[in-house]
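Chain by chain, the residues run as shown.
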Amino acid sequence: MAVSGAPRCGSIRESTNPYENAVQQLEIVADRLGLDEGLLQVLSYPQRELTVNFPVKMDDGTTRVFKGYRVQHNCARGPAKGGIRYSPTAGLDEVRALAMWMTWKCALVSIPFGGAKGGVMCDSRALSLGELERLTRRYTTAISVVLGPNRDIPAPDAGTNPQVMGWIMDTYSMHQGFTVPAVVTGKPISIGGSEGRVEATGRGIVIAAERVAHDLGVRLQDATIAVQGLGNVGAAAASLFAQMGARVVGLCDVQGGVYNEAGVDVQAAIDRTRRGESLQDAGLGDSISSAELLELPVDILVPAATENQITQANAGRVRARAIVEGANGPTTPVADRILCERGVLLVPDILANAGGVIVSYFEWVQDLQSFFWSEVEVNDRMKRMLLQAYDAVAAMAKAEKVNLRTAAYLIGVQRVAEATKVRGIYP
Ligand code: NAD
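Predicted model, so just to flag it, every value in this text is computed and none were measured. (Residues numbered from 1 in each chain as written. Predicted model: local features only at pLDDT ≥ 70, side-chain atom pairs only at ≥ 80, totals over all residues. Heavy atoms only, no water.)

K.L.:
What is the right way to read the overall build of the chain from this model?
P.N.:
Along its length, the chain carries 14 helices and twelve strands. Relative to the globule expectation of 22 Å for 427 residues, the C-alpha radius of gyration of the chain, 21 Å, shows essentially globular dimensions. Considering only C-alpha atoms, the chain reaches an extent of 55 × 55 × 40 Å along its principal axes. Taking the intrachain contacts of the chain between residues at least 6 apart in sequence as the baseline, contacts between residues at least 24 apart amount to 67%. On the chain, the mean spot of the 42 positive side-chain charges and the mean spot of the 45 negative ones are 4 Å from each other. (Helix = DSSP H or I, 4+ residues; strand = E, 2+ residues; numbered from the N terminus. Rg over C-alpha atoms; globule rule 2.2 N^0.38 Å. Contact = heavy atoms within 4.5 Å. Lys, Arg positive; Asp, Glu negative; His and termini not counted. Charge placed at Lys NZ, Arg CZ, Asp CG, Glu CD.)

So this is what it looks like as C-alpha cells:
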C-alpha cells in the first residue's frame with residue numbers, strides 16, 4: 001500500500017514545520033528536473049526513521065525517560081551521514097528535514113554519503129556532565145542497530161560537541177569489542193578526530209562569504225558582518241571573520257546580542273557566551289535582540305543559530321545585502337522568495353555550511369585508512385571542494401536564471417535522483 005498523507009505542499013506557503021519546508025524546496029526543483037511522481041515520492045520521504053524512548057539515571061537518583069530519533073533520508077549514494085542534535089524542541093519533523101537537507105548537501109559537494117540526522121529532546125545545558133554522558137551512551141545503544149562506519153555515521157550538531165562524539169565512539173566500540181573510530185566524526189583528535197574539524201563549518205562560511213563579498217564589489221576585509229548564534233558554527237565563523245580583518249558589527253546568542261558600528265570584540269563575546277553570560281550590558285556595544293540583529297544594515301548576515309529565523313514576517317525588513325546561511329533551514333521558502341525579489345543575494349545552507357560535512361568526510365577517510373593529514377592539507381582540500389561546488393552552483397544559477405538555492409537544489413537533487421534511478425528498486 002502506498003504511504004498515506006503524502007507530504008505534497010503544492011504552491012509555496014509559509015510554514016514553521018521544517019519538514020514541510022524541506023519538501024516545498026524539493027518540489028520547487030522537481031518539475032524543472034522532470035522527476036516523475038514516483039521518484040518524487042521516494043525523495044520526499046525518509047527511507048528509515050527510528051524513534052527511541054530510553055531511560056537515564058539522573059544525579060538525584062530518579063530515572064527519566066528521554067525521546068530520541070535517528071532518521072536516514074536517502075542512502076542511494078553511500079552510507080548515511082548527519083549530525084546529532086540535543087534540543088528541547090528536537091521533534092521528528094525537524095530531524096526529517098535536517099536528514100533531507102544532508103542528502104542534498106552531500107550530493108552537492110560530491111561526497112559519497114546519503115543524508116541522516118539524529119536528535120534527543122533534552123536541554124543539554126540543564127544536565128550535569130555525568131547525566132549528559134549517561135544520556136549519550138544510552139541513546140547510542142538504542143540507535144546502534146542502525147549505526148556503523150558503512151551504514152550511518154553521526155557528527156556534532158546543535159547542543160552536541162566533540163566530547164559527546166567521543167562517548168558515541170566509545171559506546172559503539174564497546175559493543176563491537178574493538179575500537180571503531182570511523183563510526184562517528186567530529187571526535188577529539190586524540191581518538192581519531194581530524195585536524196580542522198572543529199572550525200570547518202565556520203571556515204566554509206567564511207570561504208563562501210569571501211565569494212559573496214566579491215560579488216557585492218567589496219573586499220571581505222572592508223565588509224560589515226552580523227552573526228546570529230555563537231555556538232560551534234557561529235563562534236568559529238565570527239572569529240575567523242575577525243582574524244581576517246572584517247568588521248563584525250553584530251553578534252548574538254539565544255540570550256540576545258550587541259551592535260557596535262566600530263566592530264564588536266569577537267573573542268570577548270565568545271568568552272562570555274561560553275561562560276553562559278549575557279552579551280548585553282558588558283561594554284561590547286548597544287544591546288539588541290536576536291530579531292533586531294537580523295535587520296541590521298550590514299553587507300553580510302550569517303544566521304548560524306537555528307531554523308525559521310527569516311520568515312514571511314521579517315524578510316521584508318532584512319537590510320543585509322547578502323545572507324550566508326550557517327544554520328540549516330534559517331529561511332522559510334516564502335521568505336526566500338521575498339529576499340530574491342528584493343535582490344538580496346543568498347548562499348543557501350546546503351552550500352554555505354557544507355565545510356563541516358566535507359571535513360567529516362575527510363575524518364571518516366582518515367579513520368578508515370588510519371593515516372592522518374595535516375591541518376593545512378585538510379583546510380586546503382576543503383576549500384577546493386567547497387569552491388568547486390560554489391562555482392557549479394553559480395554557473396547553474398546563471399544558466400537557468402534561478403537563485404543560488406534553486407541552483408544548488410537542481411544539482412544536489414539531480415545527483416540523488418540519478419543514483420536512486422540507476423540503482424533501481426529492489427526486489
Ligand atoms: P550550537 O548549539 O553549538 O550553537 C547554537 C547557537 O545559537 C548558540 O549560541 C545559541 O545560544 C544560539 N541560538 C539558539 N537559538 C537562537 C535564537 N533564537 N536567536 C539567537 N541565537 C540563538 O549549534 P551549532 O552546532 O553551532 O549549530 C547551529 C546551526 O548550524 C544549526 O542549524 C545546525 O544544524 C547548523 N550546522 C551545524 C554544523 C556543525 O558542524 N555543528 C554543521 C552544519 C550546520
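K.L.:
What is the right way to look at the site of the ligand in this model?
P.N.:
Close to the ligand lie 24 residues; Asp157, Asn232, Val233, Ser290 and Asn328 are nearest. In the model, an oxygen atom of the ligand is placed 2.7 Å from a nitrogen or oxygen of the aspartate 157 side chain. A distance of 2.8 Å separates an oxygen atom of the ligand from a polar side-chain atom of asparagine 328. Protein coverage of the free-state accessible area of the ligand, which is 830 Å², stands at 84%. Residue assignment for the shell around the ligand shows that the elements contributing at least two residues are α6 (197–216), α7 (232–243) and β7 (247–253). Here the residues of the shell around the ligand sort into nine nonpolar, eleven polar and four charged. (Near = heavy atom within 4 Å. Polar contact = N/O pair within 3.5 Å; in protein donor to acceptor, adjacent residues only side chain to side chain. Areas by Shrake-Rupley, 256 points an atom, 1.4 Å probe, with all protein chains shown as cover. Nonpolar A, V, L, I, M, F, W, Y, C, P; charged D, E, K, R; others polar.)

K.L.:
I'm lost on empty space enclosed by the protein in this one. Help?
P.N.:
In this approach a probe as big as a water molecule rolls over the atoms, and the regions it shows empty are the leftover space. Evaluated as defined, the whole model comprises one cavity of 30 Å³ or more. Its volume calculated, the largest cavity comes out at about 40 Å³. Lining of the largest cavity is provided by Pro18, Asn21, Gln25, Trp101, Glu307, Asn308, Gly329, Thr331 and Pro333. Ranked by residues supplied to the lining of the largest cavity, first place goes to helix α1 (residues 18–33) with three residues. Here the lining of the largest cavity is composed, by residue class, of three nonpolar, five polar and one charged. (1 Å grid on protein atoms, 1.4 Å probe; cavity = no way out; pocket = protein on both sides within 12 Å on 5 of 7 lines; lining within 4 Å. Points joined across faces, edges and corners; volume = space filled by probe spheres on them.)

K.L.:
Any chance you could explain the packing of α1 against helix α3 (residues 92–108) here in plain terms?
P.N.:
Any two packed helices are characterised by how steeply their axes cross, that is the angle between the axes, and by the distance between the axes. The N-to-C vectors of α1 and α3 enclose an angle of 30°; their axes lie 7 Å apart at closest approach. Here α3 runs roughly parallel to α1, going by the angle between their axes. Packed against α1, whose contacting residues are Pro18, Tyr19, Ala22, Val23, Gln25 and Leu26, the element α3 presents Asp93, Glu94, Arg96, Ala97, Met100, Trp101 and Trp104 at the interface. When the residues that make up the contact of α1 with α3 are grouped by side-chain class, the tally is nine nonpolar, one polar and three charged. (Axes fitted to C-alpha atoms, helices over the stretch in contact; angles between N-to-C directions. Parallel < 35°, antiparallel > 145°, perpendicular 65-115°, else oblique.)

K.L.:
Whenever I open this one, the packing of aromatic side chains confuses me. Can you help?
P.N.:
Two measures describe an aromatic ring pair: the distance that separates the ring centres and the angle between the ring planes. In this structure the tally under the stated criterion is eight aromatic pairs. For the pair phenylalanine 113 and tyrosine 361, a centre-to-centre distance of 5.8 Å together with 85° between the ring planes defines the contact as edge-to-face. Residue phenylalanine 113 is found in the loop between α3 and β4 (114–121), and its partner tyrosine 361 is found in helix α12 (residues 355–369); the two are separated by 248 residues along the sequence. Here the aromatic cluster, defined as three or more aromatic residues joined through ring pairs, consists of Phe113, Tyr361, Phe362, Trp364 and Trp373. The ring of tyrosine 390 is capped by arginine 211, whose NZ or CZ atom sits 5.8 Å from the centre of that ring. Over the face of the ring belonging to tryptophan 373 we find arginine 381, whose NZ or CZ atom lies 4.2 Å from the ring centre. (Phe/Tyr/Trp six-rings, centres within 6.5 Å; stacked < 30°, edge-to-face > 60°. Lys NZ or Arg CZ within 6 Å of the ring centre and 35° of its normal.)

K.L.:
Just to check I follow, could you spell out the pairing of strand β5 (residues 152–156) for this structure?
P.N.:
One face of the sheet, then the other: side chains in a regular strand alternate in exactly this way. Of all five residues making up β5, five are buried, and the element is well covered by its neighbours. As paired elements, strand β3 (residues 80–87) and β5 share five bridges and run parallel to each other. Bridge assignment links glycine 83 to a residue of β5, and that residue is alanine 155. (Buried < 20%, exposed > 50% of the residue type's maximum accessible area, 1.4 Å probe, protein only. Pairing = 2+ DSSP bridges.)

K.L.:
Help me understand the layout of surface pockets, please; the structure alone is not making it clear to me.
P.N.:
Volume-wise, the second largest pocket comes out at about 500 Å³. Surrounding the second largest pocket, 17 residues form its lining, Val42, Thr420, Gly424, Ile425 and Tyr426 being those nearest its centre. Taken together, the elements giving at least two residues each to the lining of the second largest pocket come down to α2 (37–44), β2 (63–74) and α14 (404–423). The leading source of residues in the lining of the second largest pocket is α14, at four residues. Classifying every residue of the lining of the second largest pocket gives eight nonpolar, six polar and three charged.

K.L.:
Please clarify how the nonpolar core should be interpreted in this entry.
P.N.:
Most often, soluble globular proteins have nonpolar side chains that are buried together. Residues Trp104, Leu220, Phe241, Ile300 and Val324 are the most contacted members of the largest nonpolar core, which totals 92 residues. A domain split of this core shows at least three residues from each of domain 1 (46–179) and domain 2 (200–347). Setting aside residues no more than four positions away along its own chain, phenylalanine 241 makes contact with Ile205, Val206, Ala209, Leu220, Ile225, Val227, Ala246, Val248 and Val302. Residues Met58, Tyr139, Ile143 and Val164 belong to the second largest nonpolar core, which totals 26 residues. (Core = buried A, V, L, I, M, F, W, Y, C linked by side-chain atoms within 4.5 Å. Domains from an automatic or database assignment.)

K.L.:
I would appreciate a short explanation of the sheet that holds strand β8 (residues 256–259) in the present structure.
P.N.:
Each strand in a sheet pairs with another by means of backbone hydrogen bonds, the pair being arranged parallel or else antiparallel. The sheet built from seven strands is open, its strands ordered β9-β8-β7-β6-β10-β11-β12 with mixed pairing. Pairing within the sheet leaves two strands with one partner each, and these edge strands are β9 (286–288) and β12 (345–347). If you compare each strand with its neighbour and ignore which way they point, the axes differ by 20° on average. Where strand β10 (residues 300–303) and strand β11 (residues 322–324) come together, two bridges link them in parallel fashion. Note on β11: the bridge partner recorded for isoleucine 300 is alanine 322.

K.L.:
How should the pattern of salt bridges be read in this particular structure?
P.N.:
Side-chain pairs of opposite charge can arise where the charged atoms are in close proximity. In the structure shown here, the tally under the stated rule is 25 salt bridges. Between aspartate 157 and arginine 85 there is a salt bridge, and its shortest N-O distance comes to 2.8 Å. Placement of aspartate 157 in the loop between β5 and α5 (162–176) and of arginine 85 in strand β3 is noted, with a sequence separation of 72 residues between them. Each of the two residues, aspartate 157 as well as arginine 85, counts as buried. Among the salt bridges present, the one from arginine 272 reaches glutamate 277, with a minimum N-O distance of 3.4 Å. Taken together, the salt bridges that share partners define one network made up of Arg85, Glu94, Lys117, Asp157 and Glu307. (Salt bridge = Lys/Arg side-chain N within 4 Å of Asp/Glu carboxyl O.)

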